[in-house]
Amino acid sequence: MTADESLPLFFAPKSVALVGASLQPEKLGYRLAHNLAQRGYPGEVYFVNPKGGELFGRNVYPDVASLPAGIELAVVLVPAQHVPQVLEECGESGVRAAIVCSGGFREVGEEGVEREKGLLRIAKKHNMRLLGPNCIGVLDTHLPLDTTFLPLPGPLAGDLAFLSHSGAICAALVDWARQEGFGFSRLVSLGNQLDVNETDILPLVAEDPATKVISMYLETVSDGRCFVETASKVSQRKPLIALKVGRFESGRRAAASHTGALAGEQVAYQAAFRRAGVEQASTIEEMFDWARALAQCPIPRGSEVAVLTNAGGPGVTAADAVEYHGLQLAALHESTQAKLRALLPPVASVENPVDMLATASPEQYRDGLAALLADDGVHGVIVILPPPPAYAALQVVEAMLPGIEASDKPVVVALMGGDLVSEARHKLRQAGVPDYRFPEAAASALAVLARRTEYLARSGEEPLRATDVDAEAVERVLAANAPGATGFLSQDAAEQILRAYGIPVAATRLARDLPEARSHAAELGYPLALKLASPELSHKSDVGGVLLDLPDAPALEKGYEQLMANAHRFAPDAEVLGVYLQPMIAGGQEVIVGVSQDAQFGPLVMFGSGGVEVEGFGDVAFALAPLTESDVDYLLESTWAGRRLAGFRNLPPADRDAVCQVLLRIAQLAADFPKFTELELNPLRVLSEGDGAWAVDWRLRLSP
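Because the structure is a prediction, the values reported are computed rather than measured.

A. Representation of the pairing of strand E5 (residues 73-76). What you see with E5 is no split at all: Leu73 and Val75 on one side and Ala74 and Val76 on the other are buried throughout. Sheet topology note: the E5/strand E6 (residues 97-100) ladder contains 4 bridges and is parallel. In the sheet register, Val75 faces E6, and the bridge partner there is Ile99. Viewed along the sheet, the connection from E5 through helix H3 (residues 83-92) into E6 turns out right-handed.

B. Highlighting the packing of aromatic side chains. Enumeration over the complete set of coordinates arrives at 15 aromatic pairs. Taken together, the aromatic side chains of Phe162, Trp176, Phe182, Phe184 and Phe288 make up a single cluster linked through ring pairs. Geometry around Phe11 places Arg186 over its ring, the cationic atom sitting 4.1 Å from the centre. Positioned above the aromatic ring of Trp290 is the side chain of Arg451, whose terminal nitrogen or guanidinium carbon lies 5.1 Å from the ring centre.

C. Expanded view of the pattern of salt bridges. This structure, assessed with the given rule, holds 34 salt bridges. Note that Arg366 and Asp367 form a salt bridge whose closest N and O atoms lie 2.9 Å from each other. Since its relative accessible area comes to 37%, Arg366 is described here as partly exposed. Since its relative accessible area comes to 31%, Asp367 is described here as partly exposed. A salt bridge links Arg518 to Glu557; the shortest N-O distance between them is 2.9 Å. Taken together, the residues span a long stretch of sequence, with Arg518 in helix H19 (residues 514-524) and Glu557 in helix H20 (residues 553-570) at a distance of 39 residues. Each member of the salt-bridge network shares a partner with another, and the members are Glu180, Asp289, Arg292, Arg425, Arg429 and Asp435.

D. Region of the structure containing the sheet that holds strand E2 (residues 44-48). Reading across from one edge, E3-E4-E2-E1-E5-E6-E7 is the order of the 7 strands in this open sheet, with mixed pairing throughout. Looking at strand neighbours, the two that pair on one side only are strand E3 (54-55) and strand E7 (129-131), the edges of this open sheet. Both E6 and E7 contribute to a ladder of 3 bridges, which runs parallel. When the bridges of E7 are listed, Ile99 appears paired with Leu131. Where helix H2 (residues 28-38) meets the sheet, it contacts strand E1 (15-19), E2, E3, strand E4 (58-61) and E5, and its direction lies at approximately 170° from that of E1.

E. Representation of helix H11 (residues 312-324). For H11, spanning 13 residues, the distance from its first C-alpha to its last is 18 Å, which sits close to the expected 18 Å at 1.5 Å a residue. The complete set of buried residues in H11 reads Pro314, Gly315, Ala318, Ala319, Ala321 and Val322. Buried residues of H11 fall within an arc of 170° about the axis and therefore sit on the same side. Every exposed residue of H11 that faces more than 90 degrees away from the buried side is listed here: Val316, Asp320, Glu323 and Tyr324. Turning to H11, the residues buried within the fold contact strand E15 (304-309), strand E16 (328-329), strand E18 (380-385) and helix H16 (439-458). One or two steps after H11, the chain reaches Gly326, where phi turns positive at roughly 85°.

F. Structural view of the nonpolar core. Membership of the largest hydrophobic core comes to 106 residues, with the highest contact counts inside it found for Phe162, Ile214, Met216, Phe227 and Ile382. Looking at this core element by element, the count peaks at 8 residues for H16.

G. Here's a closer look at the sheet that holds strand E11 (residues 184-189). On the basis of which strands lie adjacent, the open sheet formed by 7 strands has the order E9-E8-E11-E10-E12-E13-E14 and mixed pairing. Whereas interior strands pair on both sides, the edge strands pair on one side only; in this sheet they are strand E9 (145-146) and strand E14 (278-280). Judged from the 3 bridges that link them, strand E8 (residues 138-140) and E11 form a sheet pairing that is antiparallel. Bridge pairing in E11 places Val138 opposite Val188. Packed on one face of the sheet, helix H5 (residues 167-180) meets strand E10 (157-164), E11 and strand E12 (213-218) and runs near 160° to E11.

H. How the structure looks around the packing of H19 against H20. Contact geometry for H19 and H20: axes closest at 10 Å, N-to-C directions at 140°. As summarised for this structure, H19 and H20 are arranged oblique, according to the angle between their axes. Crossing geometry of H19 relative to H20 is assigned as right-handed. The segment H19 lies against H20, with Leu514, Ala517, Arg518 and Ala521 engaging Leu556, Glu557, Tyr560 and Glu561. The class makeup of the residues in the contact of H19 with H20 is 5 nonpolar, no polar and 3 charged.

I. Expanded view of unusual backbone geometry. The amide bond that connects Ala625 to the next residue, Pro626, takes the cis arrangement and shows omega of -5°. Position of Pro626 among the secondary structure elements: in the loop between strand E27 (620-624) and helix H22 (629-637). The omega torsion of the bond from Asn682 to Pro683 falls at 5°, within 30 degrees of zero and hence cis. Positionally, Pro683 belongs in strand E28 (residues 676-686). At Leu357, a position not held by glycine, the phi torsion is positive, near 80°. Residue placement: Leu357 occurs in the loop between strand E17 (354-355) and helix H13 (362-373). Residue Leu357 is classed as partly exposed on the basis of its relative accessible area, which comes to 23%.

J. The arrangement of the side chain of Gln266 in detail. Its location among the elements puts Gln266 in helix H9 (residues 266-276). With a relative accessible area of 17%, Gln266 lands in the buried category. Here the side chain of Gln266 touches Gln280 through a polar contact of 3.4 Å, side chain to side chain.

K. Seen up close, the environment of Leu401. Its location among the elements puts Leu401 in helix H14 (residues 393-406). Overall, the relative accessible area of 7% leaves Leu401 in the buried class. Between the C-alpha atoms of Leu401 and Ile585, which are 184 residues apart in sequence, the distance is 64 Å. Among residues more than four places away in sequence, those in contact with Leu401 are Lys427, Leu428, Ala431 and Val433.

L. Examining the environment of Asp175 more closely. Assignment of secondary structure puts Asp175 in helix H5. A relative accessible area of 55% places Asp175 in the exposed class. A C-alpha to C-alpha distance of 7.0 Å links Asp175 and Pro155, two positions 20 residues apart in sequence.

M. Main features of the environment of Gly602. Summarising the element assignment, Gly602 is placed in strand E26 (residues 602-609). Taking C-alpha positions, Gly602 is 19 Å from Ser630, a pair spaced 28 residues apart along the chain. Ignoring anything within four residues of it in the chain, the contact list for Gly602 reads Arg225, Ser596 and Gln597.

N. Region of the structure containing the packing of helix H12 (residues 334-343) against H13. Between H12 and H13, the shortest axis-to-axis distance is 9 Å and the interhelical angle comes to 170°. For the element pair H12 / H13, the angle class is roughly antiparallel. Residues Thr336, Lys339, Leu340 and Leu343 of H12 touch H13, and the partners they reach there are Gln364, Asp367, Gly368, Ala371 and Leu372. Of the residues that constitute the contact of H12 with H13, the class distribution is 4 nonpolar, 3 polar and 2 charged.

Rules of the game
Residues numbered from 1 in each chain as written. Predicted model: local features only at pLDDT ≥ 70, side-chain atom pairs only at ≥ 80, totals over all residues. Heavy atoms only, no water. Buried < 20%, exposed > 50% of the residue type's maximum accessible area, 1.4 Å probe, protein only. Helix = DSSP H or I, 4+ residues; strand = E, 2+ residues; numbered from the N terminus. Pairing = 2+ DSSP bridges. Right-handed = clockwise from strand over helix to strand, strands pointing away. Phe/Tyr/Trp six-rings, centres within 6.5 Å; stacked < 30°, edge-to-face > 60°. Lys NZ or Arg CZ within 6 Å of the ring centre and 35° of its normal. Salt bridge = Lys/Arg side-chain N within 4 Å of Asp/Glu carboxyl O. Contact = heavy atoms within 4.5 Å. Axes fitted to C-alpha atoms, helices over the stretch in contact; angles between N-to-C directions. Expected span 1.5 Å × (residues − 1). Arc of directions from axis to C-beta. Core = buried A, V, L, I, M, F, W, Y, C linked by side-chain atoms within 4.5 Å. Parallel < 35°, antiparallel > 145°, perpendicular 65-115°, else oblique. Left-handed = near helix turned anticlockwise from the far one by under 90°. Nonpolar A, V, L, I, M, F, W, Y, C, P; charged D, E, K, R; others polar. Polar contact = N/O pair within 3.5 Å; in protein donor to acceptor, adjacent residues only side chain to side chain.

Laid out in structure tokens, this is it:
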């Protein structure tokens with residue numbers, strides 16, 4: 001059996017041995033033994049403890065060597081210093097999968113790191129897969145199999161899978177989910193991910209027929225590119241939702257101290273999740289709000305939403321939330337409004353949101369919902385139900401349920417209140433209709449359904465590649481040019497590399513003295529831009545190192561002397577090679593295009609407002625390289641710089657197609673040459689439609 005073939009044993013073993021079973025009820029080894037033996041697992045269960053004895057009607061074996069042959073899964077819960085010996089015995093006995101619940105490894109420091117290395121050596125020697133250490137195990141509610149020490153009564157059987165780097169999060173969620181009335185199909189505590197990680201587990205959980213949605217609590221990922229590739233395949237079959245913690249510096253430090261793993265930058269995870277079709281939630285509650293909607297609702301055909309309510313305030317709240325979450329209020333057809341007028345009092349509002357007034361009856365809710373669902377322009381409905389003054393909320397829900405269950409459009413219900421709507425909430429959950437406390441959460445749930453529709457429409461896209469690029473020319477430039485002390489190539493070398501990939505750059509000449517500047521100016525013509533040439537000055541404008549629109553030779557001479565003086569005054573220790581001359585490219589709009597290499601996910605392409613605006617405005621978006629067509633659209637449409645290319649007030653439309661080409665080519669360059677750790681065109685000047693886009697300043701850094 002290969003290592004990969006061993007992975008299913010974590011979920012469907014024919015036999016399980018618990019090493020570290022305890023006869024003392026207050027011990028975790030007792031709780032784990034109880035769950036394994038008493039929760040209905042149909043396979044063989046064996047217990048190991050040096051003291052022997054009997055537990056839950058089973059003999060307790062003194063060691064692993066005493067166990068019968070053919071044990072498929074071992075669960076290890078012994079002190080950290082004894083885990084290596086136990087794993088060695090498991091490997092010698094032919095065990096091919098082991099869950100190490102014990103703590104005391106990477107999360108406690110260097111000693112734990114070394115101990116982990118020993119575990120991995122043992123596992124590889126015996127071709128054994130390890131889950132953990134520092135985890136609480138695996139739970140499958142449908143087999144059933146429970147290798148955790150979670151307290152009773154445990155999770156309800158359901159259709160949501162949950163993968164977590166935190167065991168405590170698992171424990172809390174199981175109890176909370178039971179109270180909320182939804183259950184889990186599979187639950188996996190990943191712990192320190194010494195061997196088996198979230199990427200290994202994802203396909204196994206996706207193959208489970210009982211699982212409809214996979215949710216994840218992630219502190220990091222083990223291999224970013226592999227995760228994206230695997231998650232992209234899984235998400236085309238089943239929705240993926242992640243709560244990525246460590247999004248801010250304090251959280252990253254806390255995550256590192258928790259599992260000993262380093263978390264990547266938030267923008268990199270956002271780009272990776274977008275490429276892989278993973279929905280990124282902001283809170284645990286939001287993650288499961290979304291998961292219930294994705295598991296229980298049909299996918300909408302679009303993002304036009306109708307709101308049905310019996311009160312104006314909640315309707316307005318819902319309207320705001322709909323727009324906030326990127327949806328639109330549907331414009332109701334006149335025929336739909338006519339149906340509503342015939343159904344409701346004259347003072348009711350038949351515009352969207354539809355306010356049926358406080359007197360709305362169960363029949364009016366039922367028929368009003370039916371009218372909205374029959375409207376071709378409505379893709380989903382939010383029903384808002386505060387406690388009705390004249391009817392029980394349960395009556396309203398019972399009247400609507402047949403229509404909701406028969407609909408091929410998603411319907412989510414905001415049941416606002418507590419005790420007065422509790423029976424109605426229970427009824428909805430029994431029927432598998434997602435309910436929410438307030439309209440904002442209901443709108444958020446519909447939004448994730450709409451995004452699922454969008455993702456499925458673009459999933460499977462292949463990255464775009466230009467064929468007229470010259471990678472060999474780039475190799476020649478790199479072989480002939482050593483980077484400076486900072487890792488940056490000279491502007492000349494970087495220019496040659498950009499041109500080799502068809503990226504338009506402004507003609508640039510290096511003048512080492514004033515006579516050479518005059519000669520280049522005669523060739524290039526006026527007006528000119530003049531810039532300090534120094535490998536140590538990345539931001540030339542900060543030291544007065546840029547002069548624009550020089551009209552003639554006297555201005556050139558004066559400008560040259562001024563730049564030299566500024567360099568001496570503001571950067572006396574910097575190496576100055578001379579000045580760069582460029583013809584002025586007037587007009588257009590300034591944007592920035594850049595690439596940085598992320599340790600987890602590889603090259604990230606950045607696009608946004610350029611020039612001196614980039615740091616002040618923060619108007620940037622990121623996508624993984626190489627880019628697909630929808631990636632390019634995302635970069636442009638999610639930034640003001642991109643949307644502005646269509647024209648704004650006195651700005652005429654700019655050459656959007658030229659920007660798209662630059663983005664694709666810069667991404668291809670970065671993907672082809674991972675040694676480029678930083679690549680920036682700032683500004684890229686975008687001229688009017690059909691006139692192109694030109695990089696007027698650039699820099700390119702190589703890895704050490």
